[in-house]
Amino acid sequence: EYSRVHLLITPPLAEVTWDGVSAGIVPDTGIMVLYDVVPGTHRLMVTKEGYVPLNEVLSIPRNDVMKVPRTLEPLAQGSITVESVPPGAAVYLDDKAVGVTPLTIHEIPAGAHSLRISGDGFQDFISSVEVTGGGTAIVSEALIPSTPSAGKSSAGLSPFVMAAGLAIAALYVAYRKS
């Protein structure tokens, strides 16, 4: 009564889910065999990063060896060019550091992505960027200087310079008293 299903998957190393349960990773050969499959309808899902997921219902007959060849379609990809004033700001795409401006990032799956541009002494620029297959999204941003926090010096003196200044002032006061 049971059947056998031969999944012939291109590209190999894709993940297979059968009826909502992981069946494993397709070997380098591209062939995964499912044994003792109960006749009837079953849900097949095949996923691999960079490819459109395959999700379908199969009808499995009794006492059969069924060959199921499937090829995953690559996801459309595009690019993002990022520029900033000043240049040299860190760029994060989907919360992963990808470089500094000016920068072009290639082979990005089509769709919406989060982009953050971060520079020392500047407010972070955060945006959503829509990437289209074969296209290049351009993000050009003049970063806004950050404002100093209340109670902090805007001169940007290091603690060592501040301590040295206080020591010199104390010596001067001691000298004037003598």
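Draft legend 1. Region of interest: the pairing of strand 6 (residues 54-60). Side chains Leu-54, Glu-56, Leu-58 and Ile-60 project from strand 6 onto a buried face, and the interleaved Asn-55, Val-57 and Ser-59 project onto a face without burial. Pairing between strand 5 (residues 40-47) and strand 6: 7 bridges, direction antiparallel. Across the sheet, Gly-40 pairs through a bridge with Ile-60, a residue of strand 6. Hairpin geometry of strand 5 and strand 6 is characterised by an intervening segment of 6 residues between the two adjacent antiparallel strands and by a positive phi of about 90 degrees at Gly-50.

Draft legend 2. Layout of the environment of Ala-137. Its place among the elements puts Ala-137 in strand 14 (residues 136-142). As a C-alpha pair, Ala-137 and Val-82 span 55 residues in sequence and 8.5 Å in three-dimensional space.

Draft legend 3. Examining the sheet that holds strand 1 (residues 3-10) more closely. Strand order in this open sheet of 3 strands is 4-1-7, and the pairing throughout is mixed. Edge positions in the sheet fall to strand 4 (31-37) and strand 7 (65-71), since each of these pairs with one other strand and no more. Within this sheet the neighbouring strands show an average axis-to-axis angle of 20 degrees, counted without direction. As paired strands, strand 1 and strand 7 are joined by 7 bridges and run parallel to one another. Note that in strand 7 the partner of Arg-4 across the bridge is Val-65.

Draft legend 4. Looking closely at the sheet that holds strand 5. Taken in spatial order, the 4 strands of this open sheet run 3-2-5-6, and their pairing is antiparallel. Each having just a single partner strand, strand 3 (21-25) and strand 6 make up the two edges of the open sheet. Between one strand and the next, the sheet's axes are offset by a mean angle of 25 degrees, whatever the strand orientation. Pairing between strand 2 (residues 15-18) and strand 5: 4 bridges, direction antiparallel. When the sheet's bridge partners are listed, Trp-18 is paired in strand 5 with Leu-44.

Parameters and conventions
- Residues numbered from 1 in each chain as written.
- Predicted model: local features only at pLDDT ≥ 70, side-chain atom pairs only at ≥ 80, totals over all residues.
- Heavy atoms only, no water.
- Buried < 20%, exposed > 50% of the residue type's maximum accessible area, 1.4 Å probe, protein only.
- Helix = DSSP H or I, 4+ residues; strand = E, 2+ residues; numbered from the N terminus.
- Pairing = 2+ DSSP bridges.
- Axes fitted to C-alpha atoms, helices over the stretch in contact; angles between N-to-C directions.

That's the geometry; what it means functionally is another story.
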